[in-house]
Every structure is written in C-alpha cells, then in structure tokens.
Amino acid sequence: MSDLQSSASTDETVHDQRGQVRRVVMSSLLGTVIEYYDFLLYSTMAALVFGRLYFPSSNGAVSTIAAFGTLAAGYVARPLGGVLFGHFGDRLGRKSMLILSMSLMGGASFLIGVLPTFHTIGIAAPILLVVLRLVQGIAVGGEWGGAALMVIEHAESDKRGTLAGVMQMGSPLGSLASTVAVLAVTALPDESFMLWGWRIPFLISAILLAIGLYVRLSVVESPVFAQAVEEASAVKSQRIPALQVLRRPRALILATAVGIGPFVMTALISSHILAYGPAVGYDKSDVVRTLLFTSFTALVCIPLFSALSDRLGRRTVSLAGAVGAIVFAFPLYAMVGSGSVFVLTIGLMIAMVMQNALYAPLAPMLSEMFGTGVRYTGVSMGYQMASLLGAGFTPMIAAWLVDMNDDSSIPLSLLMVAGAAITIVGISQLRESRGRDLTSDISSTSV
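Every chain begins its residue count from 1, and numbering advances along the sequence as written. Only residues with pLDDT of 70 or above have their local features reported here, since the model is predicted, and side-chain atom pairs are shown and tallied only from 80 upward, although totals for entire chains, interfaces and linings are computed over all residues. Each side-chain value is worked out from all heavy atoms of the structure, with water and hydrogens disregarded.

Per an unreviewed UniProt entry, the chain goes by the name Putative major facilitator superfamily transporter and belongs to Gordonia malaquae NBRC 108250. Word for word, the UniProt comment on the chain under Subcellular location (unreviewed entry) is "Cell membrane". UniProt positions are given in the numbering used here, feature names are shortened, and annotations may be inferred rather than shown by experiment.

Written out as structure tokens, the structure is:
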C-alpha cells in the first residue's frame, strides 16, 4: 500500500510540475504579447502619426526622421532596463521584476494614449512623448530576459528551445495584435484617425495590463534561481551582476553580435517599411495589411525554428537564417519596388522566415551563455544591446539614407547584409550550447 501511495505521490508531483511549467510558459507568452503590443504599436504610430502631431515640419522627411528618433530613444533605454531589472532579478528573483516591467509598460502606453499634441501644449508634448518612450524601453529591457529565463529555467534541458519558442511567439502575436488595432483605426477617415482614432490602441493597454498581471501573479519563482539562492552562499552576497558580466565581456559581446542581424531585419521589414512603402507608391493601409501576413509567418516559423534548435543546435539554425538574409537582401527590395501589393507581401514573408531563423534560437542560446547569478543581467544586456544597435537606430538611418540617395533601396539591402554578417561573425566564435547545465557556474559566463 505504501508503494502505491508513493507512486501516486510521485505521479501527482510530476503532474503538478508539468502544470506549473505550462502556467509559466503561458504567463511568459502573455506577458511578452502585451509588452510587444505596446512597444511595436509605438513603432507603427511613429511612422504614421507622431511626425505630424508631435514634430511638425514643412518637410515631411524631417518629421518622419524626428519621429523615428523617439523610436530610437526607446531602444537606447532598453539596455538600461536590462541592467536595472537584471541586477534585481539576479538578486531578488525573476517573478517580481516581471510584474514591475509589465506595469511600467502598460502605464506608459496608456499615458501616450491621452498625451496632448504639439499644437495643444507646445514643446512639452514631444518631451513627454520621449519620456514615456524611455519608460517603455526600460520596461521592455527587463521583460524579455526575465520571461525567457522563467521558461528556460523551468524547462528540461532537451525542451528549452521548444518551450522558449512558445514564449517567443509573443513577439509576432504582439505585432499581430498591434497591426490589427492599427488596421482598425486607419479605416477611419483620415481626419478622425489623426484627431482621436490613433489613441484607441494605446488606451486598450490598460485592459491588457489587468489581464496580464492577473496571470503573472499565479506563477512560482524559477527553480534554478531558488536552488542557487539555497546552495550558492549566494547570489545575494555576490558583487554587482553587471560588473561580473563586464569583467569578462566576451560573452556579452558575442550575445550582442548574434542578436544584431535579426533586429536589423525587424527594423527594416516591420518599422521602416511603413514609411518606405508609401514613399514608393503603396497605400499605407496596404502596407499595414502586409504586416498581418508577416506576423502569421512568424507564428509558424518561430516555434518551428526554436524546436529545431533543440535538435540541430542553436548555431546551425541561426547561421542558416543569416546566410538566407544575405542572399535575399537585394531580391527583397526589388520585390518591394515592384509596385505590386502581392509581390510586396510575398517578399516580406520570405524575409520574415529568415528573420525568424535568426531570432528563434536567441532565448536558449543567450541563457546558456551565462551562470545563474548573472544570467538575468547577461541575457538582458546582450539582447537589449543587440536591439539598440540592430533596431534602435536602423529606421532613422534607413530613412536618412533613402532621402540622401534619391529613394534608392540599395542602402537598405546593404544594411540587411551588414547586420547578418555581424551575426555570422558572432556565431563563428561560439561553442554549441544546446543541453548545457544551467545550475553550474553560478556567477560566471560560459563562453
């Protein structure tokens, strides 16, 4: 009887653990959806609205470049968010930092939705817009690393990529949600859209925030972190995690390099295309609609490539995406310049496949590069530095290069090639990390 009871107790424990993993995965997925809905919504509105409402100028190109400058401000803040949230996440735990990051993002987005324009309060409007964008950047800087670690530190070693792939679907789902919201309000007459319609998607953030916090509060702390606190004489007594990472910066540099390629592609095919497409003759609503198809492409490809990284290795999948991006860089913009919405859509969908192959292995790859005591900090700093260098300034630089080169697309293709090439260099310097023990090397890097 005791053996039966023991067996039943073991089965119940396994069932509870699996249920907790499912809750963690769904919590991280939902949190990432909300964070990226808010963050990418700003990117879209920077291309469509903010130039005219917050940075009015007689030159439309100057207004667009200025609006993309505020987009860059959010990316500048992301590494800072990575350091701040990483520091406390490595000392106090992952869960509390994720709750805080979600609250900051939702609050900032709601306030953007009620922010008066330049014509109402003058120079205070763009200043406040930049401040709120910085808050968004800090929040996202802490969100991705924490969400990724909660999943990966709960997962079995041979399922890290697969489960992280579910979490990383939050990015295309957030993009899809923001695109649907923008598509709905851009269907309004232009005057209504510019006057009040653009605000609605930002105001919806308050509802999403309430749902996200409810779910996130139900999960437990990462078991890997909990074990480190118990066994490592501690994580809490160690030196500042950021200094630990910077003392031996090789892992941070390589993590940044590997991430630059997918972020350059994201900036070009998700943000800058919203300004470039109408400039070469497409209707803005048609361009927004193409992003729906790219989001659906990512929903298929991210979990596929994440699972493949468990079988083939992180390096192999990322390298395939980087080579594909280089090969397709010039054909992509030839398709964009065709004038056909169908050809444009196919081109962006193919580019998204390449981007997803680059992006999908990032969460497990970066997590396996750092020890538990500095993992939140190292992953967040590497990922957010890559986002800053790869995506933060790319739309602004791309808009400037197009304006300086008589609307030529050649500089855009070269930007994509350069980003992918940097990723290839980073990958070439890494050892395969698939299956690495996450409980060892508490405060060191593993590269």
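K.L.:
Describe the packing of helix H6 (residues 160-168) against helix H14 (residues 284-312), and please don't skip the residues or the numbers.
P.N.:
Between H6 and H14, the least distance of the axes is 7 Å, while the angle of their chain directions is 160 degrees. Classed by the angle they form, the pair H6 and H14 counts as roughly antiparallel. H14 is crossed by H6, and the crossing has right-handed handedness. For the pair formed by H6 and H14, the contact residues are Arg160, Gly161, Thr162, Gly165 and Gln168 on the first element and Ile302, Pro303, Ser306, Ala307, Ser309 and Asp310 on the second. Only Asp, Glu, Lys and Arg are considered charged, only Ala, Val, Leu, Ile, Met, Phe, Trp, Tyr, Cys and Pro nonpolar, and every remaining residue, Gly among them, polar. In terms of residue class, the contact of H6 with H14 is made up of 3 nonpolar, 6 polar and 2 charged. To obtain an axis, a line is fitted to C-alpha atoms, over the contacting stretch when the element is a helix, and the angle between two such axes runs from 0 to 180 degrees between their N-to-C directions. Strands are runs of DSSP state E lasting at least 2 residues, helices are runs of H or I lasting at least 4, and numbering of each runs from the N terminus. Working rule for angles: under 35 degrees goes down as roughly parallel, over 145 as roughly antiparallel, 65 to 115 as roughly perpendicular, anything else as oblique. Left-handed describes a crossing in which the near helix is turned anticlockwise from the far one by less than a right angle; the clockwise case is right-handed. Working rule for contacts: check all heavy atoms of both residues, and any pair within 4.5 Å makes them a contact.

K.L.:
Got a sec to walk through a nonpolar patch on the surface? Specific residues and values, please.
P.N.:
Residues enter patches when they are more than 30% accessible in relative terms and free of salt bridges; like-charged ones are connected within 9 Å and nonpolar ones (Val, Leu, Ile, Met, Phe, Trp, Tyr) within 5 Å. Method for areas: the Shrake-Rupley scheme with a 1.4 Å probe, in which residue coverage is limited to the protein chains shown. By definition, a salt bridge exists where a carboxyl oxygen of Asp or Glu is found within 4 Å of a side-chain nitrogen of Lys or Arg. The grouping of Leu195, Trp196, Ile200, Ile204, Ile207 and Ile211 at the surface amounts to a nonpolar patch, some 570 Å² of accessible area in total. Residue position: Trp196 is located in the loop between helix H8 (190-195) and helix H9 (200-203).

K.L.:
Mind laying out the packing of aromatic side chains, listing which residues take part and the relevant values?
P.N.:
Pairing of aromatic rings covers Phe, Tyr and the six-membered ring of Trp, with a centre-to-centre limit of 6.5 Å; geometry is then stacked below 30 degrees between planes, edge-to-face above 60, and tilted otherwise. By the definition in use, this model includes 10 aromatic pairs. Centroid distance Tyr276 to Tyr333: 6.1 Å. Interplanar angle 80 degrees. Geometry classified as edge-to-face. On the criterion of sequence distance, the pair formed by Tyr276 in helix H13 (residues 250-279) and Tyr333 in helix H15 (residues 314-336) is long-range, its members being 57 residues apart. Accessibility here uses a 1.4 Å probe with only protein chains present; expressed as a share of the type maximum, an area under 20% marks a residue as buried, one over 50% as exposed, and anything in between as partly exposed. Residue classification places Tyr276 among the buried residues on the basis of a relative accessible area of 5%. With relative accessibility at 4%, the residue Tyr333 sits in the buried group. Put simply, the rings of Tyr42, Phe50, Tyr54, Trp198 and Phe202 touch in pairs and so form one group of aromatic residues.

K.L.:
Go over the side chain of Arg216, please, and point to the residues and values.
P.N.:
Its place among the elements puts Arg216 in helix H10 (residues 205-216). Polar contacts here mean pairs of N or O atoms no more than 3.5 Å apart (in protein, one a potential hydrogen donor and the other a potential acceptor; neighbouring residues in sequence count only if both atoms are side-chain atoms). Side-chain polar atoms of Arg216 contact the side chain of Glu143, separated by 2.8 Å. With residues near it in sequence (within four places) discarded, Arg216 still touches Ser27, Ser28, Gly31, Thr32, Lys95, Leu98, Ile99, Ser101, Met102, Glu143 and Ala147.

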